[in-house]
Amino acid sequence: MSTTSSQSFEEAIAEYIEESRAQIDQEIMENIPPWPPAPYEQGPAPFEAALRLDSDIISTFAKNLGDDNPLYSDPKYGLNTRYGCQIAPGVIVSSVRYPTGHGAQRPEGYPVANFYSGTAFEFFDAIRVGSKFRTTKVPKELVEKQGSKGALLFLITELNYWDYHGDLLSKVYSTQIQIPTATMGATRSMDPARLGEHMLYERGAHNYTNQNVQDALGDMKKRTRRGSETLFWEDVEIGDELGPLVLPPWTLQDQLAYHFLTYAASAGEEMPGDVYAFEPAYHNMRRWPGRARIHPNTYWPWTPGNEHEDAVLSPYRTQPLPFDFGLQRCQFPQQLLTNWMGDDGFIRRQQASLRRPVFYSDITTYTGEVVKKSVVIEKGHDQSGGIPGEHKYYAVGIRIHGFNQIGEEQSPGTATVYLPSKKGGPVKLPIPHPEKPPYVPFETFRTDWF
C-alpha cells in the first residue's frame with residue numbers, strides 16, 4: 001500500500017476499490033451508537049440504536065417531511081385506529097441508523113465524490129410509538145459502471161432493524177454512488193484553487209415568475225388525505241393516479257430540519273455538538289488535515305458536512321449549488337402513498353432511485369400511477385426474528401415519479417401497498433416472514449420492484 005503523499009489518483013482509486021470490496025458481507029461500524037461513556041451497548045452486532053421513537057420525535061420527524069397525518073402527530077387519533085396507538089412513518093427507520101456505507105475509509109479520505117443515490121425499504125409491521133431498535137449494517141455489492149462523465153462506483157448496503165422484542169420490523173437496501181474525482185488528487189479534499197474545475201452540473205438557482213408561484217400553490221392545495229375512509233383493493237383500477245404531492249422550493253430551513261434526527265442521532269468518536277459546532281469542528285479538522293475543506297474565502301479549515309448547505313463549499317462535492325440530502329428525498333414519497341391508501345393500508349415496499357440532486361430553490365412534485373394488482377401469499381418461520389404463519393395479501397403496484405420545476409425527473413421509484421379486501425378482510429400485521437429474509441440484489445430492487 002502506498003503512502004498518501006506518494007500516491008497517484010489512479011493508485012488511490014485502485015486502493016479504495018480493493019479495500020471496499022474487502023468489506024463485502026462484513027458488519028461495518030458506520031453510524032453505530034456513540035462510543036463510551038455514552039450509555040449504549042457497543043456490540044457485538046446487532047447494535048443498540050441511540051434513538052428512541054417517542055411521541056414528540058415521531059411528530060417532529062413527520063412534520064419535517066411536510067406530513068401532518070394525525071396517525072403520526074396526534075396520539076389520541078392513534079388510539080382509535082387499528083394500531084391502538086400513535087405510529088411513525090415507516091421510513092423513519094433510516095434515520096435511526098443512516099443506511100448507506102461509504103466503503104473504505106482513512107483519515108485523509110479517498111478521491112471520490114460521494115452521493116446518496118437510492119433506498120429500497122421493506123416493512124413487516126407498523127412502527128409504533130416507543131419503539132427502539134437494534135441494527136446490523138453490511139455492504140453487499142460494489143458495482144462498477146461507466147457514466148457520461150466517467151467511472152461510477154455503486155455501493156449497496158443492507159440494513160436490518162429489529163425492535164427490542166427481537167422482531168424484524170424493516171429491511172433497508174441503500175445505494176451510494178462514489179465518483180472518482182481527479183481534481184481531489186489522492187485525498188478526499190482538493191486545492192481550493194481547483195474548485196469549480198470539474199462540475200457534474202451547470203445550474204443556477206431557479207427564478208420563478210408570479211404565475212409559477214401561483215401554479216405551484218394551486219397544486220399544493222390539491223393535496224388530499226383519505227384518512228379513516230377505507231380504500232378496498234377491489235375498488236382500485238390499473239391506471240389510477242396518485243397526487244400530486246408538491247414540495248415548495250428547497251431552502252436552508254429544509255437542510256436544518258433534516259439534521260433534527262440524522263445528525264442528532266449520528267455516532268462516532270465525538271458527539272454531534274463536537275462535530276458541528278464551529279470551534280470543536282476547527283480543532284477536529286486540525287487533527288485530520290487531509291479531511292478538511294479549506295474555505296475559499298477565509299482559508300480556515302471547514303468540515304465535510306457543510307458541502308450540502310454552503311454555496312461556497314458545494315463545489316468540493318462537484319455541485320454548483322447547495323443540494324438536498326438523498327436520504328430525506330427517499331423518505332418524502334411515503335406521504336404520497338399514505339394520503340392515497342388511508343389509515344388501513346400498509347406499505348410493504350417503497351423504493352426511490354435518485355437521478356440528480358434537488359438544488360437550492362427547486363420545487364419537487366411527486367405523482368404516482370397504479371400499474372399492477374395481485375394477490376400475494378406471505379410465509380414465515382417460528383424462529384427468533386421471524387413471524388410464523390401464512391397469509392394472503394391484496395397488493396397494488398405503484399410507479400412513482402419525482403420531478404423538478406423544469407420537468408427533469410429527479411427521483412423515480414416504485415411501491416407495493418397492501419390494501420384491505422372486501423373478500424379477504426383487513427391487512428393482517430405483522431407480515432409473516434422468515435427470521436432472515438433473503439437479500440434483494442441491486443438489479444432487482446432498483447426497477448419495477450412491485
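**Topic: the environment of Ala-292**
Inspection of the secondary structure assignment puts Ala-292 in the loop between helix H9 (278-287) and strand S9 (293-294). Setting aside residues no more than four positions away along its own chain, Ala-292 makes contact with Ser-189, Met-285, Pro-301 and Trp-302.

**Considering the pattern of salt bridges**
Taken as a whole and assessed by the stated rule, the structure comprises 26 salt bridges. Between Arg-97 and Glu-27 there is a salt bridge; the shortest N-O distance is 3.7 Å. Highlighted residues: Arg-97 in the loop between helix H5 (93-96) and strand S3 (112-123) and Glu-27 in the loop between helix H1 (9-21) and strand S1 (47-48), separated in sequence by 70 residues. Residue class for Glu-27 comes out partly exposed when judged on its relative accessible area of 28%. In this structure, the salt-bridge partner of Arg-399 is Asp-448, at a minimum N-O distance of 2.7 Å. Of this pair, Arg-399 sits in strand S13 (residues 389-404) while Asp-448 sits in the segment after helix H12 (442-445), placing them 49 residues apart in sequence. With relative accessibility at 27%, the residue Arg-399 sits in the partly exposed group. When its relative accessible area of 47% is taken as the criterion, Asp-448 is described as partly exposed.

**What about empty space enclosed by the protein?**
Empty space among the atoms becomes visible once a probe the size of a water molecule is rolled across them. The final tally for this structure, using the stated rule, is 6 cavities of 30 Å³ or more. Counted as a void, the largest cavity has a volume near 190 Å³. Considering the residues around the largest cavity, the lining is formed by 19 residues, among which Tyr-72, Ile-87, Gly-90, Gln-334 and Phe-346 are closest to the centre. Counting residues per element, the ones that place at least two in the lining of the largest cavity are helix H3 (70-73), strand S2 (87-88), helix H11 (333-341) and strand S11 (346-353). With 3 residues, the top contributor of residues to the lining of the largest cavity is H11.

**Quick notes on the sheet that holds strand S5 (residues 133-147)**
Reading across from one edge, S1-S5-S6-S7-S3-S11-S14-S13-S12-S8 is the order of the 10 strands in this open sheet, with antiparallel pairing throughout. Two strands bound the open sheet, and with one partner strand each, they are S1 and strand S8 (241-247). With 7 bridges joining them, S13 and strand S14 (residues 413-419) adopt antiparallel strand pairing. The residue of S14 that forms the bridge with Tyr-394 is Leu-419. Across the sheet, H1 is in contact with S3, S5, strand S6 (150-163) and strand S7 (168-180); its angle to S5 comes to roughly 135°.

Each value, and the rule that gives it
For every chain, the first residue of the written sequence is number 1, and numbering continues from 1 along that sequence. Local features in a predicted model are, by the rule used here, given only for residues with pLDDT of at least 70; side-chain atom pairs are given and counted only at 80 or more, and totals for whole chains, interfaces and linings are based on all residues. Remark: hydrogens and water are excluded; side-chain values derive from all non-hydrogen atoms of the structure. Runs of E in the DSSP output that reach at least two residues are strands. Runs of H or I that reach at least four are helices, and both are numbered from the N terminus. What makes two residues a contact is simply this: any of their non-hydrogen atoms within 4.5 Å. Take a side-chain nitrogen of Lys or Arg and a carboxyl oxygen of Asp or Glu: if they are within 4 Å of each other, that pair is a salt bridge. Only protein chains enter the calculation, and the probe is 1.4 Å; a residue is then buried if its accessible area is under 20% of its type maximum, exposed if over 50%, and partly exposed in between. Points on a 1 Å grid, built from protein atoms alone, make a cavity when a 1.4 Å probe fits but cannot get out and make a pocket when they are open with protein on both sides within 12 Å along at least 5 of 7 lines; residues with an atom within 4 Å of a point are the lining residues. Grid points are joined across faces, edges and corners, and a volume is the space filled by probe spheres set on the points. Note on pairing: DSSP must find at least two bridges between two strands before they are called paired. Geometry is summarised by axes, namely lines fitted to C-alpha atoms with helices restricted to the contacting stretch, and by angles between N-to-C directions that run from 0 to 180 degrees.

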